[in-house]
Amino acid sequence: MEVTLTDDFKKLRSSVRELVINTLDPISLEVEKSSLIPEYVVDELRHLGLFGMPIPKTYGGLGLTTIEEILIYEELTRTNGSYRSRIGTSNGIGSMGIVYDGTAAQKSHYLPRIASGEWTSAFALTEPDAGSDAGNIRTTAVLEGDHWVLNGNKIFITNADTAQLFTTIVVTDEEKRNRGGVTAFIVEKGVPGFSIGATDIKMGLKGSHTHELVFKDCRVPKDNVIGGMDMVGQGFKTAMRVLDKGRLTMGACAVGAAQRVMELTIEHIHRKLASGTSKGDLQTAQFLLADMATRIYAARQMLHHTARMKDSGDNVTRQSSMVKVFCTETASLVADWAMDIFEEDGCLTGNQVEMFLRDVRLYRIYEGTSEIQRLIISRDLLSQ
Ligand code: COS
């Protein structure tokens, strides 16, 4: 399954690489400290078209294939992971439900706005009693005339503060629940009864914000069911398909971060050697470095292979979970080993190792914990 990269794509990839080196990385620690991505940076990301990476060209996006998108994310995550989160949540889990299942009218109304970065989107699934167990969501929607009335709470919603559109997954039939009783809605910011809570204080990805959403007799037009009224009850499947892709993206973020941490480690070992530490004294560091490179090599191969399978039209539910669990656990191991090699220096903010260590831990939770991925993998194997 070889893939040929077009000249346009290669140009885009080097522009992203330059942006990371010249603009994003130099202010990475500032973003970390202030928990804020400056608007001029968001403009640069818009300018490159990154808000529309997977959105079809017909709707103003770049129409990238999965493997192309993965390669861009590997570049973009070689610095503070918050930049990727701002873009990737919007063009990924926030809007893929519309790309997959939206009506023609929904696609032409919303996707161009998201692709251009004029609008940001978010994905609202998680609730206080339904994190891993997504089928246990409690937020409901009841049809009253021309509107659905939503009641409930969503938590940990990335991009909530910047989003104009929320792909929101709620129960429309209590009896059927995730077997035909869950529906995906487009909720626009500003509709009556919808509000956003305070910013969560997190351990990592500090420039990317998560919030609670509150729906209190929130009125959403009837037409805002993703895919139209025929799709009422089909929202759980929409959400799961969106997450299948999101989990591959998480794998790419983990590989990008692990690669950068390994490069920081190589620089560190060179500095130690240059300042007179003997190779013998650095043997443990060298062995850990070899393990880092080996894990990253394996992680990247499975990531790229699965992305190509997806592009060929294969169902990759099980493989996406394998990629997510292996790549994100690899990134955590690599960052932890780097800490061992950097010793006390690793704890210093300026080396960025501690930032990566905190950020990549979140990748093992976002879009389904490692335990959930293992459940999906084993269930699939046992169902055959
Ligand atoms: N693609 C399409 N449909 C899917 C699917 C997928 N990947 N996974 C499940 N479905 C369908 C099933 O086929 C089933 O449909 P039928 O009733 O027609 O058979 C329906 O959805 C229910 O599936 P299932 O019984 O497997 O649901 P469970 O409640 O057991 O939940 C898991 C399954 C664990 C996979 C789900 O709860 C999950 O992904 N949890 C993690 C959620 C998460 O990642 N949260 C992170 C925050 S959101 S960023």
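Residues numbered from 1 in each chain as written. Predicted model: local features only at pLDDT ≥ 70, side-chain atom pairs only at ≥ 80, totals over all residues. Heavy atoms only, no water.

### Side note on the overall build of the protein chain
Okay, so step 1: The helix and strand inventory of the protein chain stands at 12 helices and 7 strands.
Okay, so step 2: Computed over its C-alpha atoms, the radius of gyration of the protein chain comes to 21 Å, within 12% of the 21 Å expected for a compact globule of 384 residues.
Okay, so step 3: With the C-alpha coordinates aligned to their principal axes, the bounding extent of the protein chain is approximately 80 × 50 × 40 Å.
Okay, so step 4: Expressed as a percentage of contacts within the protein chain between residues at least 6 apart in sequence, the contacts between residues at least 24 apart total 75%.
Okay, so step 5: When the accessible surface of the protein chain is totalled, it reaches about 16600 Å², and 52% of it is carbon and sulfur.
Okay, so step 6: Both charge centroids of the protein chain, one from 42 positive and one from 49 negative side chains, sit 2 Å from each other. (Helix = DSSP H or I, 4+ residues; strand = E, 2+ residues; numbered from the N terminus. Rg over C-alpha atoms; globule rule 2.2 N^0.38 Å. Contact = heavy atoms within 4.5 Å. Areas by Shrake-Rupley, 256 points an atom, 1.4 Å probe, with all protein chains shown as cover. Lys, Arg positive; Asp, Glu negative; His and termini not counted. Charge placed at Lys NZ, Arg CZ, Asp CG, Glu CD.)

### Remarks on the layout of surface pockets
Okay, so step 1: Roughly 1500 Å³ of volume is contained in the largest pocket.
Okay, so step 2: Where the lining of the largest pocket is concerned, the elements lending two or more residues are α5 (82–91), β3 (147–158), α8 (235–274), α10 (317–342) and α12 (370–382).
Okay, so step 3: When residues in the lining of the largest pocket are grouped by element, the largest group, 9 residues, is from α8.
Okay, so step 4: Its residues assigned to classes, the lining of the largest pocket comprises 20 nonpolar, 16 polar and 13 charged.
Okay, so step 5: In terms of lining residues, the second largest pocket is bounded by T6, D8, F9, K11, L12, S15, L48, K57, L62, G63, L64 and E68.
Okay, so step 6: No other element matches the 5 residues that helix α1 (residues 7–24) contributes to the lining of the second largest pocket.
Okay, so step 7: A per-class count over the lining of the second largest pocket returns 5 nonpolar, 3 polar and 4 charged. (1 Å grid on protein atoms, 1.4 Å probe; cavity = no way out; pocket = protein on both sides within 12 Å on 5 of 7 lines; lining within 4 Å. Points joined across faces, edges and corners; volume = space filled by probe spheres on them. Nonpolar A, V, L, I, M, F, W, Y, C, P; charged D, E, K, R; others polar.)

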